[in-house]
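So you can see what is in the structure, the chains are spelled out below.
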Amino acid sequence: MTKDNTDSIFEILDIQDLSTEEQSLIQTAQEISEKAYAPYSNFQVGAAVKLSNGAILKSSNQENVSFPAGVCAEHLVLSYAGANYPESAPECLAIVARRKGEQSWANVSPCGICRQVINEVENRFKHKIKMLILREDGRVYSISGISALLPLKFDDLNS
Ligand code: THU
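Residues numbered from 1 in each chain as written. Predicted model: local features only at pLDDT ≥ 70, side-chain atom pairs only at ≥ 80, totals over all residues. Heavy atoms only, no water.

In the nomenclature of an unreviewed UniProt entry, the protein chain is known as Cytidine deaminase of Algoriphagus formosus. What UniProt states about the protein chain under its Sequence similarities (unreviewed entry) heading is, verbatim, "Belongs to the cytidine and deoxycytidylate deaminase family." (UniProt positions renumbered as here; feature names shortened; annotations may be inferred.)

Shown next, in the form of structure tokens:
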């Protein structure tokens, strides 16, 4: 048997176990999720990213009547980061979701396309991204690097 070579860390933490800065990033994601344009799914996602220059950027998901034209929150915020701060590596990405009208937070996990987007950003900046994903039980997945979510990832056209 061959073991994969992922060295990523995957933890489930209580929110109080996160740093103040990380808790604040989750709160930013929660706030921006309220602005989601999600009339088709009613699933309101918020993503907030902290860059190496200290900037905090945020986005919600933006849907379209032609469903594949919709964009996930994390895809949007990482694309905005790359477009506006090409010198600054995204370091930490918080993702949260809630069904419209509900009080409690929902389970969420980046879709396949978003995992590939996160992978591209890690490769671009040669820097792992720490992902903080809020769970419905109030705890947080803390995932160090996309390899944990995307084993055998496609990231080299020439090998
Ligand atoms: N969505 C995100 O924005 N991020 C995720 O991690 C999961 C899914 C969006 C896509 C769509 O607008 C809605 O949530 C339901 O899939």
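Additional details are given in the paragraphs that follow.
Student: A description of the UniProt feature "domain: CMP/dCMP-type deaminase" (unreviewed entry) in the protein chain should follow, citing residues and the corresponding values.
Tutor: The sites that carry the UniProt feature "domain: CMP/dCMP-type deaminase" (unreviewed entry) are, in the present numbering, residues 20–157. Summarising residues 20–157: 29% helix, 25% strand, and an end-to-end C-alpha distance of 40 Å. (Helix = DSSP H or I, 4+ residues; strand = E, 2+ residues; numbered from the N terminus.)

Student: Which residues make up the nonpolar core, and what values do they have?
Tutor: Ranked by size, the top nonpolar core spans 26 residues in total, and within it Val-49, Val-77, Leu-78, Leu-93, Ile-118 and Met-131 carry the most contacts. Elements that contribute at least two residues to this core include exactly strand S2 (43–51), helix H2 (73–84), strand S4 (90–99), helix H3 (112–125) and strand S5 (130–134). Setting aside residues no more than four positions away along its own chain, Val-49 makes contact with Leu-25, Ala-55, Ile-56, Leu-57, Val-77, Leu-78, Pro-90, Cys-92 and Leu-93. Ranked by size, the runner-up nonpolar core spans 13 residues in total, among them Leu-13, Leu-18, Leu-132 and Val-140. (Core = buried A, V, L, I, M, F, W, Y, C linked by side-chain atoms within 4.5 Å. Buried < 20%, exposed > 50% of the residue type's maximum accessible area, 1.4 Å probe, protein only. Contact = heavy atoms within 4.5 Å.)

Student: An account of the site of the ligand is requested, with residue identities and associated values reported.
Tutor: In the vicinity of the ligand, the residues found are Ser-41, Phe-43, Val-45, Asn-61, Glu-63, Cys-72, Ala-73, Glu-74, Val-108, Ser-109 and Pro-110. The separation between an oxygen atom of the ligand and a polar side-chain atom of Glu-63 is 2.5 Å. A distance of 2.6 Å separates an oxygen atom of the ligand from a polar atom in the side chain of Glu-74. Coverage of the ligand by the protein chains reaches 77% of its 370 Å² of free accessible surface. Listed by contribution, the elements that provide at least two residues to the shell around the ligand are S2 and H2. Of the residues assigned to the shell around the ligand, the class counts are six nonpolar, three polar and two charged. (Near = heavy atom within 4 Å. Polar contact = N/O pair within 3.5 Å; in protein donor to acceptor, adjacent residues only side chain to side chain. Areas by Shrake-Rupley, 256 points an atom, 1.4 Å probe, with all protein chains shown as cover. Nonpolar A, V, L, I, M, F, W, Y, C, P; charged D, E, K, R; others polar.)

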